[in-house]
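# Geometric and topological summary
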Amino acid sequence: MYEESANINVFFCYTRQDYHITKEINNTIIKSGYTSFIDVDDLFPGCDFVNTIQENIIKSKICICIISKHSARSSWFIKEMSYATSIGKTIIPIKVDDAPIDDSISSILGHIQYLAWKPKYTENILNSLIKDCINRDSDVVIPSRASADIDNEIQRQIGRAHV
């Protein structure tokens, strides 16, 4: 759970249809002592949600992208994932179903290996990944496109989405 003054270890990119599995994965992370940001739980009435989301992506050490059959249909999932990638965040994609990964997601995350979520088998793997990523001196993600181009596109899309 997010606290205003807390450092955010993990930012979750997900679709609302996948909230239940995101919450399950988040519970695993919280039990291990990490902090997280999930918009449904951590955005409050009256806040500027676009700026709050961007600020928390920036604050986070890791971005976990929950990939499912619903992901490609969510423009916000794509925007958040693109923004996190464009600013060099460490990305841990977690595939939660057997649906093929959509081209719109592959074009952004195609070079990053995903973790197939099987709750009883992958909780320890996920916690180890997070620990390793948090203990790194710097994030190691090579954006799939030029960061400035993605940032400009995200800003353009976000501006258009709220006009």
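Refer to the structure above for everything that follows.
What comes next concerns the included structure. (Residues numbered from 1 in each chain as written. Predicted model: local features only at pLDDT ≥ 70, side-chain atom pairs only at ≥ 80, totals over all residues. Heavy atoms only, no water.)

### Observations regarding the overall build of the protein chain
Looking only at helices and strands, the protein chain features 7 helices and 5 strands. Element order for the protein chain, N to C, with α for helix and β for strand: β-α-β-α-α-β-α-β-α-β-α-α. Scored against the burial criterion, the 163 residues of the protein chain give a buried share of 47%. Contacts in the protein chain between residues far apart in sequence, at least 24 positions, make up 77% of those at least 6 positions apart. Surface accessibility of the protein chain: about 8,500 Å² in total, with carbon and sulfur atoms responsible for 51%. (Helix = DSSP H or I, 4+ residues; strand = E, 2+ residues; numbered from the N terminus. Buried < 20%, exposed > 50% of the residue type's maximum accessible area, 1.4 Å probe, protein only. Contact = heavy atoms within 4.5 Å. Areas by Shrake-Rupley, 256 points an atom, 1.4 Å probe, with all protein chains shown as cover.)

### Observations regarding the pattern of salt bridges
Pairing of side chains with opposite charge becomes possible as their charged atoms draw close. Taken as a whole, this structure holds 2 salt bridges when the rule is applied. Residue Lys 23 is joined to Asp 41 by a salt bridge in which the shortest nitrogen-to-oxygen separation is 2.7 Å. Note that Lys 23 is positioned in helix H1 (residues 19-31) and Asp 41 in helix H2 (residues 39-42), a separation of 18 residues in sequence. (Salt bridge = Lys/Arg side-chain N within 4 Å of Asp/Glu carboxyl O.)

### A word on the layout of surface pockets
The calculated volume of the largest pocket comes to roughly 170 Å³. In this structure, the largest pocket is lined by Tyr 14, Thr 15, Arg 16, Gln 17, Asp 39, Leu 43, Phe 49, Ile 53, Ser 74, Trp 76, Phe 77 and Glu 80. When contributions to the lining of the largest pocket are tallied by element, the ones reaching two or more residues are helix H3 (49-59) and helix H4 (75-86). Class assignment for the residues of the lining of the largest pocket results in 6 nonpolar, 3 polar and 3 charged. (1 Å grid on protein atoms, 1.4 Å probe; cavity = no way out; pocket = protein on both sides within 12 Å on 5 of 7 lines; lining within 4 Å. Points joined across faces, edges and corners; volume = space filled by probe spheres on them. Nonpolar A, V, L, I, M, F, W, Y, C, P; charged D, E, K, R; others polar.)

### Quick look at the sheet that holds strand S1 (residues 10-13)
The 5 strands lie next to each other as S2-S1-S3-S4-S5, forming an open sheet whose pairing is parallel. This sheet does not close on itself; its edge strands, each paired only once, are strand S2 (36-37) and strand S5 (115-116). In this sheet, S5 lies alongside strand S4 (residues 90-95) in parallel orientation, the contact comprising 2 bridges. By the bridge assignment for S5, Ile 94 is matched with Leu 115. Sheet strands in contact with H1 are S1, S2, strand S3 (62-67) and S4, and its direction is about 170° off that of S1. (Pairing = 2+ DSSP bridges. Axes fitted to C-alpha atoms, helices over the stretch in contact; angles between N-to-C directions.)

### So, the side chain of Ser 74
Mapped onto the elements, Ser 74 comes out in the loop between S3 and H4. Here Phe 77 takes part through its backbone nitrogen, which lies 3.0 Å from a polar atom of the side chain of Ser 74. (Polar contact = N/O pair within 3.5 Å; in protein donor to acceptor, adjacent residues only side chain to side chain.)

### Some details on H1
For H1, built from 13 residues, the straight-helix expectation of 18 Å at 1.5 Å per residue is met to within 8% by its first-to-last C-alpha distance of 18 Å. Among the residues of H1, Ile 21, Thr 22, Ile 25, Asn 26, Thr 28 and Ile 29 are the ones counted as buried. For H1, the arc enclosing every buried residue in end-on projection is 155°, short of the 170-degree limit, so these residues lie on one face. Facing away from the buried side of H1 by more than 90 degrees, the exposed set consists of His 20 and Lys 31. (Expected span 1.5 Å × (residues − 1). Arc of directions from axis to C-beta.)

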